[in-house]
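Coordinates in review
Residues per chain are reported as follows:
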Amino acid sequence: MSLHKIILDCDPGHDDAMAILLALGTPTIELLAITTVVGNQTLEKVTHNAQAILELVGAKQIPIAAGCPRPLVRAIQNAAEVHGISGLDGTHLPEPTMPLDKRHAVDLIIDTLKAHPPKTVTLVPIGGLTNIALTVRKAPEIVELVKEVVLMGGGYHTGNQSAVAEFNIAIDPEAAHIVFNEKWPITMIGLDLTHQAKPNDQIMTDIANLKTPISQFVIESLNYYTEGYRKRNGYSDHAPVHDPCAVAYVINPSLIETRIAPVNIELQGTLTTGMTVTDFRATPAENCHTQVAIKLDNPQLWAMFIDALKYLDK
Ligand code: BDR
Ligand code: CA
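Residues numbered from 1 in each chain as written. Chains lettered and ligands numbered in written order. Predicted model: local features only at pLDDT ≥ 70, side-chain atom pairs only at ≥ 80, totals over all residues. Heavy atoms only, no water.

Our focus in this paragraph is the environment of H92. Topologically, H92 is positioned in the loop between α3 (80-83) and α4 (105-114). In this structure, the C-alpha to C-alpha distance between H92 and Q216, residues 124 residues apart in sequence, is 9.1 Å. (Helix = DSSP H or I, 4+ residues; strand = E, 2+ residues; numbered from the N terminus.)

Structure representation (structure tokens):
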């Protein structure tokens, strides 16, 4: 079985929680470390949430380190209206018992990358890019060590934090600018893709029928998350579950169609700051290092997710 080694940089968050479960429940993924960053909620809260999820699953051996408590330049913006005051409102999780790694997230990422052969570890950021930007500034040599960066963020035709900017990029556009301008391979799993990642009633029933503490957590989480989307956006559908799509792409890239195109981050616009400006005009240069996700095999995503939940129950 081919192993994909990953470091997950996250801000749990309901959909981050699903991404962590997908990673932990997929035997071809080796989750080397979890790092946390301010985003959906304060650093303290999202770190506690990440620890609590590991506690629920019994995966206390995974190192977990806290990172940046605020964006590089801008004031903190959170997503309490999506994820609640705790970051995981609506759910019941055990109190974490395992200690945090004493290192800063940036140092845990650097140490982990240097402990593995070059180009064997994929970075999977599913929150703001503050930690990853600081990592690359502290240790620029890691750009050559990373296999690829598969991130959830951005969108080439729509936003959610503004008309054109997605939350993870909008909360720290300077960090995103640093990350997108390093010459490592980047796959941007943006809103164009993740808005296709919706469960349906049958999928929710299939998850509920697993009747495990983990599946119960998933149902509580997705119900709260969908309820909020319905109230805010007038949805009748289930809410799109963004972050697991990045993990799914690492597990099986054939689930997600991509297109190579240059991407850069708008830092100046009065209406467009945080936009991931994607240039589809011409054939991309041969050395173009960015690609954007376009089309998702949604049934396969959920089949993969349910398999992971079953695996976690073994
Ligand atoms: C992203 O924003 C956060 O609220 C989610 O966790 C996801 O990473 C979607 O725009
Ligand atoms: Ca997230």
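Turning our eyes to something else, we now look at the coordination of the calcium ion (ligand 2). Coordination of the calcium ion (ligand 2) by the protein is provided by D11 (OD), D16 (OD), D16 (OD), I126 (O) and D243 (OD), with metal-donor distances spanning 2.3 to 2.6 Å. All donor residues of the calcium ion (ligand 2) come from one chain, and their arrangement in sequence is D-x4-D-x109-I-x116-D. Just as D11 is buried, D16 falls in that class too. (Donors = N, O, S within 2.8 Å, 3.2 Å for Na, K, Ca; no water. Buried < 20%, exposed > 50% of the residue type's maximum accessible area, 1.4 Å probe, protein only.)

All right, on to the packing of helix α10 (residues 201-208) against helix α11 (residues 213-233) then. Between α10 and α11, whose axes approach to 8 Å, the crossing angle comes to 145°. Mapping the contact onto sequence places M204, I207 and A208 in α10 and S215, V218, I219, L222 and N223 in α11. Residues of the contact of α10 with α11, tallied by class, amount to six nonpolar, two polar and no charged. (Axes fitted to C-alpha atoms, helices over the stretch in contact; angles between N-to-C directions. Contact = heavy atoms within 4.5 Å. Nonpolar A, V, L, I, M, F, W, Y, C, P; charged D, E, K, R; others polar.)

This paragraph deals with the side chain of D192. You can see D192 is positioned in helix α9 (residues 191-194). It is R259 that comes nearest to the buried, bridge-free D192 among opposite-charge side chains, at 11 Å. Among all residues touching D192, those that are not within four sequence positions of it are G155, Y156, H157, T158, A293 and I294. (Lys, Arg positive; Asp, Glu negative; His and termini not counted. Salt bridge = Lys/Arg side-chain N within 4 Å of Asp/Glu carboxyl O.)

Moving on: the packing of α4 against helix α5 (residues 130-138). Direction vectors running N to C along α4 and α5 enclose 60°, while the axes themselves pass 9 Å from each other. In terms of orientation, α4 and α5 fall into the oblique class. Crossing handedness for the pair α4 and α5: right-handed. Contacts from A105, V106, D107, I109 and I110 in α4 reach N131, I132, L134, T135 and K138 in α5. Split into classes, the residues belonging to the contact of α4 with α5 amount to six nonpolar, two polar and two charged. (Parallel < 35°, antiparallel > 145°, perpendicular 65-115°, else oblique. Left-handed = near helix turned anticlockwise from the far one by under 90°.)

With that settled, the discussion passes to the pairing of strand β5 (residues 146-152). Where a strand is regular, its side chains alternate between the two sheet faces. Counted residue by residue, β5 has five buried out of seven residues, so it is predominantly covered. Here β5 runs beside strand β6 (residues 186-189); their pairing, made up of four bridges, is parallel. The partner of V149 across the bridge, within β6, is I186. (Pairing = 2+ DSSP bridges.)

Taken together, the eight strands give an open sheet; going across it, the order is β3-β2-β1-β4-β5-β6-β10-β7, and neighbouring strands pair in mixed fashion. Edge strands, defined here as strands with exactly one partner in the open sheet, are β3 (64-66) and β7 (256-260). Adjacent strand axes in the sheet meet at a mean angle of 25°, parallel and antiparallel pairs treated alike. Contacts from α4 reach β1 (4-10), β2 (29-36), β3, β4 (121-125) and β5 within the one sheet, and its direction differs from that of β2 by about 155°. Docked against the sheet, helix α12 (residues 244-251) engages β1, β2, β4, β5, β6, β7 and β10 (290-296), running at close to 145° with respect to β5.

Along the chain, the position of E166 falls in the loop between β5 and α7 (167-170). The side chain of E166 sits in the buried core without any salt bridge; R232 is the nearest counter-charge, 12 Å away.

By themselves, these observations are geometric and do not establish any function.
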